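The chain contents come next:
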Amino acid sequence: MRKTMMAPMKAALFVCLHSVLQYAVCRDVTLPSGPLYRVAGFPLSLPCSVSGYEGPRVQEFEWFLYRDDAGGRQMGVVSTRDKGFPYAPYQARVRNGEVRVDRDSGDKVRLVIQRLRAEDQGKYECYTPSTDSKYQGNYSDSVTIKVIPDTLQISYSRSLAGQPVPEGAELVLTCSAGIQSEQLTRLAITFGKRGGGAGSGSGAAGGEVSTVREIISIDKLLGVVPGLSYKTRYNDGEITLEKRNGEGGLDIYVMKIRAVQPDDSGSYFCEASQWIRDPDRSWQKIAQRTLDIGNLTVLQLAESLSVISSPGGEVTLQVGSPLILTCEVKGLPAEVNSGLLVQWMKRGSVYSDVVGAGGVEVEVARLSPEGVVSWGDDLSRASGGSMEKVGNARFSLKLFSARPSDSGVYRCVVSVYAGRRLPGPSTPATLTQRSEGVTVNLKTKDVRVSAVAQLPRGPLLKRGSTVTLICNATITTTGPAQAQVQWVRWPIPEPVIKKQQSPDADISPPEPQAEEKPRLLAVLMHNGVAKIYTNTSEVSIDRLSDVSYRLRVHMATLEDQGMYACSAEAWGQDPHGGWYNTGASAESNAVTVYLYARAADLLLIPLVVGVSSALFVGIVIIATVTCCFMKRLARQRAQK
């Protein structure tokens, strides 16, 4: 009974599913929702697609037009399968390609009218001939096209003259545009550039393909959008686009490039486009005009810039004489307001065997674009020198009293920020150039220095006592001189015991330990200022006489014993009263400081040993007596 009822139900379900599948795969032709507004004289691109069909994957399409002024009569426009399909008004336009069908895929095409005319207005029907086994679904779809007049206007007030402009100059381009339409449309403005140099033209010529770059634009949503290659410059404020109110229904658009670069060479244009929002909420470009503004050639700064330092060649001065160096920047365009960073660099010193040979180049002083002077590592020069602007692109470095350490090769380094009077801290320089080197030699006096360290005779040095060391430093020269004395200490080296080893031994002797570097303890400056560099010991340093310097270590500990030595540097005085390091120095001999134990320390060990022994003996005696007593007591209890 149950089986006989299931058979009719299965049959009914199969028929129902078959009907649903037939309905699901029925043919469907689709066009965009309308009406669509397009501008006369500009292209129309109308997509049409078909789905749910049977037969070949490449479907045929036929387009018909029902004009508003034709009383609803049908007019053939173009077909993918019949060249004789177009009616008379469209035959010539189809032959020359002005009206055509572009195929995106087998079942998707586009009706393209290259130049839309007013008589092209009407209802367009997209029809697909049947390839199905049964006629089902819809085989066509239609949409209304409204052709509106062209009101897009674009002009410019001043074009590029074609004259080369220097790198860093400001570029201002102006474009006027407007639309007067009854429909709600938007206007977008784009400034762009073709090619990489002047005369690149506005299109392909002679087999060369022009490179088009969008610089900046105001899009259909009224937002300012920089081009992909210009985002960084836009974010830095180098490129701007401004909209101003104009006359006659035209607004004025002003693009500014604050400082042009060599890559900015090319042919510039302004593009105005009209946009409308279709019923499907998508934005469509319905009109566009491009206006060539002119060619721009940017002259590179590197071709004209030069940095000259004076005096040239080699300069020889006496110690204490003023050193004056001048730096002049030539080839800067007068019409470009550029910021300059001027630096004086020096390589080599009096301590080198050859002046200027090798060594690291260090900065002596710099003058920032804001006019702020800063000095390098030698901050004392801030009060003994100056750096200033002495003329148009001329800068001077003055050292009032030259020292031996001032000798070396000087170069003026200039960084140019073309078109940026006050660049930001992260703004890269447009160009950096260096002058030829100026070799500065200073005649120094003949200076001889000697240093001898000694440990005065006295009682044995013990822990907790004061250790006194003397350094005798003498300077032989002409003129005033002072010694700058410093003391160092390092551990006493352990004696090395050499042992004989058989040749067949496999074990190699341990490698000797690396010697510990001397540790700076104290310095007595040439001006009498003492500097202490140790925190573990109580140290003092002073001057006893013209040639004698004393180091004292108070409350000495085991850490204070070791090898001590002093060194002396000779400082001379220039005619202006300033002191300078002559570069002459000497190191003394090493003195060994050993600390003996105090009497209290010697008695402490026997005392500790004796007390410990007495305690141990007492504990043993008490333990023995207690043990014997307990055994005897146990035997007595057992007898009872």
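Residues numbered from 1 in each chain as written. Predicted model: local features only at pLDDT ≥ 70, side-chain atom pairs only at ≥ 80, totals over all residues. Heavy atoms only, no water.

1. Some points on the sheet that holds strand β17 (residues 251-257)
Strand order across the open sheet formed by four strands is β10-β12-β17-β16, with antiparallel pairing between neighbours. Single-partner strands in this sheet number two, and they are β10 (153-155) and β16 (239-244). Across the sheet, the mean angle separating the axes of adjacent strands is 20 degrees when strand polarity is ignored. (Pairing = 2+ DSSP bridges. Helix = DSSP H or I, 4+ residues; strand = E, 2+ residues; numbered from the N terminus. Axes fitted to C-alpha atoms, helices over the stretch in contact; angles between N-to-C directions.)

2. A closer look at the pattern of salt bridges
Evaluation of the coordinates by the stated rule reveals 23 salt bridges. Residue glutamate 98 is joined to arginine 93 by a salt bridge in which the shortest nitrogen-to-oxygen separation is 3.4 Å. Judged by its relative accessible area of 4%, arginine 93 falls in the buried class. Between lysine 243 and aspartate 251 there is a salt bridge whose closest N-O contact spans 3.6 Å. Its relative accessible area of 48% is what places lysine 243 among the partly exposed residues. Under the relative-accessibility criterion, aspartate 251 is labelled partly exposed at 22%. (Salt bridge = Lys/Arg side-chain N within 4 Å of Asp/Glu carboxyl O. Buried < 20%, exposed > 50% of the residue type's maximum accessible area, 1.4 Å probe, protein only.)

3. Considerations on the sheet that holds strand β38 (residues 548-554)
The sheet built from four strands is open, its strands ordered β32-β33-β38-β37 with antiparallel pairing. One side of each edge strand has no neighbouring strand; the edge strands of this open sheet are β32 (448-454) and β37 (538-543). When strand polarity is set aside, the average angle formed by the axes of neighbouring strands in this sheet is 15 degrees. Looking at chain direction, strand β33 (residues 467-476) and β38 are connected through six bridges and run antiparallel. Within β38, the position partnered with valine 467 by the bridge is valine 553.

4. A closer look at the confidence of the model for the protein chain
When the pLDDT values of the protein chain are averaged, the result is 84; 86% of them are 70 or greater. Counting contacts from residues 197-209, a segment whose pLDDT is below 50, to residues more than four positions away or on other chains yields 18 contacts. (pLDDT = per-residue confidence, 0-100. Contact = heavy atoms within 4.5 Å.)

5. Notes on the nonpolar core
Core analysis: the biggest nonpolar cluster contains 35 residues, and Leu171, Leu173, Ile189, Phe191, Tyr253, Met255 and Tyr268 have the highest contact counts within it. Counting residues per element, the ones that place at least two in this core are β12 (171-178), β13 (185-194), β14 (212-218), β16, β17, β18 (266-277) and β19 (283-296). For this core, the leading source of residues is β19, giving five residues. The residues contacting methionine 255, other than those within four sequence positions of it, are Leu171, Val172, Leu173, Phe191, Ile215, Ile216, Thr240 and Leu241. Among the nonpolar cores identified, the runner-up in size contains 32 residues, and Leu325, Val329, Cys412 and Val414 belong to it. (Core = buried A, V, L, I, M, F, W, Y, C linked by side-chain atoms within 4.5 Å.)

6. Here we look at the side chain of serine 267
Mapping serine 267 onto the fold places it in strand β18. Owing to a relative accessible area of 5%, serine 267 belongs among the buried residues under this scheme. Within the structure, the side chain of serine 267 is placed 3.2 Å from the side chain of asparagine 295, a separation counted as a polar contact. (Polar contact = N/O pair within 3.5 Å; in protein donor to acceptor, adjacent residues only side chain to side chain.)

7. A closer look at the side chain of serine 407
Mapping serine 407 onto the fold places it in the loop between β28 (394-399) and β29 (408-417). A polar contact of 2.9 Å, which involves the side chain of serine 407, links it to the backbone oxygen of proline 404.

8. What to know about the environment of glutamate 271
Mapped onto the elements of the fold, glutamate 271 is located in strand β18. Using a relative accessible area of 15% as the deciding quantity, one classes glutamate 271 as buried. For the pair formed by glutamate 271 and glutamine 288, sequence separation is 17 residues and the distance between their alpha carbons is 7.1 Å. The contacts of glutamate 271, once residues within four sequence positions are left out, are Ile154, Ala188, Ile189, Thr190, Lys285, Gln288, Arg289 and Thr290. Within the structure, the side chain of glutamate 271 is placed 3.2 Å from the side chain of glutamine 288, a separation counted as a polar contact.

9. Some points on the pairing of β37
Bridge count between β37 and β38: six bridges; the pairing is antiparallel. Residue pairing across strands places valine 539 opposite valine 553, the latter belonging to β38. Here β37 hands over to β38 after four residues, the two strands then running antiparallel side by side.

10. Notes on unusual backbone geometry
For the bond running from glycine 34 to proline 35, omega is 0 degrees, close enough to zero to count as cis. Tracing the backbone through its elements, the reader meets proline 35 in the loop between β1 (28-30) and β2 (36-39). Residue proline 311 is reached from serine 310 by a cis peptide bond, and omega for that bond is -5 degrees. Mapped onto the fold, proline 311 is located in the loop between β21 (306-310) and β22 (314-318).

11. Observations regarding the state of the cysteines
By the definition in use, this model includes four disulfides. In this model, cysteine 327 is linked to cysteine 412 through a disulfide, with the two sulfur atoms separated by 2.0 Å. Taking the sign of the S-S torsion, -80 degrees for the link of cysteine 327 and cysteine 412, the bridge is left-handed. With cysteine 327 in strand β23 (residues 323-330) and cysteine 412 in strand β29, this residue pair connects regions lying 85 residues apart in the sequence. Here cysteine 327 and cysteine 412 have matching classes, each one buried. If the cysteines joined by disulfides in the protein chain are listed in sequence order, their pairing comes out as 1-2, 3-4, 5-6, 7-8. (Disulfide = S-S within 2.5 Å.)

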